[in-house]
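Here are the chains, one letter per residue:
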Amino acid sequence: MGEPKMQTEERYTYKDLLTWPENERWELIHGVPFQLEGPQMAAPSTAHQDWVLELAHQFKTQLKGKPCKPYVAPVDVSLLHRAGDSAETTDTIVQPDVLVVCRREQDTGKAIVGAPVFVLEVQSASTAFRDQTDKLKLYEEAGVQEYLLFNPINFTAWIFRLGPNGRYGKPEVWMERTVIELASLPGVTLDLTVELALE
């Protein structure tokens, strides 16, 4: 993931982010910006993109006709961590690879506001650490019901599920190709056994 935009103590909000160059992608973690993509950033690997598209397609097929809807990056997700935050004043904006929301009012046309029901991050060398640390904590605090981390190189998957105490318990872990049933979206499964054309 990128380095912060500036080495300063200044913190930014989504309103600030909206004024930055349109050909760059940024996330804000408690006001600290991290560049995801832009003129100086490497593009995601084709394996990463293949799996994002495949899993988004699986969601779209299984959720057809249901109130829940999948989205793929880049889409800004405003997690609204502080009391009184609005979509513009929040200092925490993320762009998960794939997410699902079940309340259509969360989609403002510019961003998703509030916690998705489900979040998937397809890992790469540049994102793995933050996916497993900062984002894990953010998604837990925001109330994301299920958070799936998937490594498309070794087919390892971890799923964190929100417990009744509002915390993630120990993750369920798979070390091989598998089919995962989602608790947050009854009847929906993710098939990680498919053979992608470019593998």
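Here the structure is shown first, and the text comes after it.
Structure report, in brief. Nothing here was measured: the structure is a model prediction, and the numbers come from that model.

## Re the pairing of strand 6 (residues 98-101)
Consideration 1: Neither face of strand 6 is left uncovered, since the one carrying Val-98 and Val-100 and the one carrying Leu-99 and Val-101 both have all their residues buried.
Consideration 2: With four bridges connecting them, strand 3 (residues 69-72) and strand 6 associate as antiparallel partners. Residue pairing in the sheet places Pro-70 in a bridge with Val-100 of strand 6.
Consideration 3: Of the strand pairs in this sheet, strand 6 and strand 8 (residues 118-122) are connected by three bridges, and their pairing is antiparallel. The residue bridging Val-100 from the neighbouring strand is Phe-118, located in strand 8.

## Comments concerning the environment of Gln-132
Consideration 1: With respect to the helices and strands, the residue Gln-132 is situated in helix 3 (residues 128-132).
Consideration 2: By relative accessible area, Gln-132 is classed as partly exposed at 38%.
Consideration 3: Taking the C-alpha atoms as reference, Gln-132 lies 8.0 Å from Leu-149; in sequence the two are 17 residues apart.
Consideration 4: Setting aside its immediate chain neighbours within four residues, Gln-132 contacts Gln-123 and Leu-149.

The rules behind the values
- Numbering of residues begins from 1 in every chain and follows the order in which that chain's sequence is written.
- This being a predicted model, a pLDDT of at least 70 is required before a residue's local features are given, and a value of 80 or more before pairs of side-chain atoms are given or counted; all residues contribute to the totals for chains, interfaces and linings.
- Calculation of side-chain values draws on the structure's entire complement of heavy atoms; hydrogens and water are dropped beforehand.
- For every residue, the accessible area (1.4 Å probe, protein chains only) is compared with the maximum for its type, and the residue is labelled buried under 20%, exposed over 50%, or partly exposed between those bounds.
- Think of it this way: any DSSP run of H or I at least four residues long counts as a helix, any run of E at least two long counts as a strand, and we number them from the N terminus.
- Strand pairing is assigned whenever DSSP detects at least two bridges linking the two strands.
- Note on contacts: a residue pair is in contact if any heavy atoms of the two residues lie within 4.5 Å.

Bear in mind that shape data such as this cannot, by itself, settle questions of function.
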